[in-house]
Amino acid sequence: MNDRPAPAWFIAGTDTEIGKTLVACALLHKLRAKFPRVVGAKPVAAGLEPSGVNADVRALRAASNVPVPAELDNPYALAEPVSPHLAARAEGKVIDLHRIASSVARLRTMADAVVVEGVGGLLVPLSDTADGGDLARLLRLPVVLVVGLKLGCLNHALLTQEAIATRGLHFAGWVGNQIDPDMLRADDNLTTLRSRLRAPCLGVIPHMAEPDAAQAASFLELPT
């Protein structure tokens, strides 16, 4: 057990399906070279495999090297692949941010570094009154933003940056993920992101037909 909470980061995205899990897992691989015990968590996951486990949660567990109880790394495993507040409502559940904060706090005593992946975009609703930005603010973790490189990413990234600032969060850095291999003027878009995002670029992951977190780690720097 650690006397002090382990360092931890919150992985946010400009949208859903833009590579948050790939980046979160890549950071876990990178952290394993520096810390003996690392663990990833996805407190809210919507959409389960036949096994009853969310695919993103399964990937995070594979990239971690500390086994933890499911109620800590995935307190809310929701069946339907829809907005979390709708998936939770369908099951008669309410997502409790304080329960998540307690789980993350416990993880930070069980590992030397923790990566917490959000769900969907930063402001996705988690309940009738709370969203992902509220969770990030409650956790008080530095935010790493994953920008899915595709048409529209500039607007998505800049809007998310404003949401990060509005919630008073620390913007620790961003990662570009080339999800569209045919994106026009990708380099020019990256130049614009570098000039307009008020945080360091931690790396750019090229398009991968089959995403590989260990390989993706080679393109990243650790946030400070």
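Residues numbered from 1 in each chain as written. Predicted model: local features only at pLDDT ≥ 70, side-chain atom pairs only at ≥ 80, totals over all residues. Heavy atoms only, no water.

Looking up the chain in an unreviewed UniProt entry gives the name Dethiobiotin synthetase (Dethiobiotin synthase) (DTB synthetase) (DTBS), with the organism given as mine drainage metagenome.

Caption draft 1: Molecular detail of helix 8 (residues 186-196). For helix 8, the set of buried residues is Ala186, Asn189, Leu190 and Leu193. Across the axial projection of helix 8, the buried residues extend over an arc of 100°, all falling on one side. Looking at helix 8, the residues exposed on the side facing more than 90 degrees away from the buried face are Asp187 and Ser195. Considering only its buried residues, helix 8 is in contact with strand 6 (143-148), helix 7 (153-166), strand 7 (171-177) and strand 8 (201-205). (Buried < 20%, exposed > 50% of the residue type's maximum accessible area, 1.4 Å probe, protein only. Helix = DSSP H or I, 4+ residues; strand = E, 2+ residues; numbered from the N terminus. Arc of directions from axis to C-beta. Contact = heavy atoms within 4.5 Å.)

Caption draft 2: Representation of the pattern of salt bridges in the model. A full pass over the atoms with the stated rule returns 13 salt bridges. A salt bridge links arginine 58 to glutamate 49, with the shortest nitrogen-to-oxygen separation between them at 2.6 Å. Here aspartate 134 and arginine 137 are joined by a salt bridge, their closest N and O atoms 3.1 Å apart. Remark: arginine 137 and aspartate 134 occur in helix 6 (residues 132-139); sequence separation between them is 3 residues, near one turn of the helix. For aspartate 134, a relative accessible area of 16% corresponds to the buried category. Residue classification places arginine 137 among the partly exposed positions, given a relative accessible area of 43%. What you see here is one network of salt bridges that share partners, running through Asp131, Asp134, Arg137 and Arg167. (Salt bridge = Lys/Arg side-chain N within 4 Å of Asp/Glu carboxyl O.)

Caption draft 3: The layout of surface pockets, seen in detail. Estimated volume of the largest pocket: approximately 720 Å³. In this structure, the largest pocket is lined by 33 residues; those nearest its centre are Glu17, Gly19, Thr21, Asp56 and Glu117. Among the secondary structure elements, those contributing two or more residues to the lining of the largest pocket are helix 1 (20-32), strand 3 (44-46) and helix 2 (55-63). (1 Å grid on protein atoms, 1.4 Å probe; cavity = no way out; pocket = protein on both sides within 12 Å on 5 of 7 lines; lining within 4 Å. Points joined across faces, edges and corners; volume = space filled by probe spheres on them.)

Caption draft 4: Main features of empty space enclosed by the protein. Applying the stated criterion across every chain yields a total of 1 cavity of 30 Å³ or more. Looking at the lining of the largest cavity, the elements with two or more residues in it are strand 1 (8-13) and helix 6. For the lining of the largest cavity, the element with the highest residue contribution is strand 1, accounting for 4 residues. Residues that form the lining of the largest cavity fall into these classes: 10 nonpolar, 5 polar and 2 charged. (Nonpolar A, V, L, I, M, F, W, Y, C, P; charged D, E, K, R; others polar.)

Caption draft 5: Spatial organisation of the pairing of strand 5 (residues 113-117). Most of strand 5 is tucked away: 5 of the 5 residues are buried. Side chains of strand 5 alternate between two faces, with Ala113, Val115 and Glu117 and Val114 and Val116 buried alike. Across 4 bridges, strand 1 lies against strand 5 in parallel orientation. Pairing of alanine 8 across the sheet is with valine 114, part of strand 5. Bridge count between strand 2 (residues 38-41) and strand 5: 4 bridges; the pairing is parallel. Pairing of alanine 41 across the sheet is with valine 116, part of strand 5. (Pairing = 2+ DSSP bridges.)

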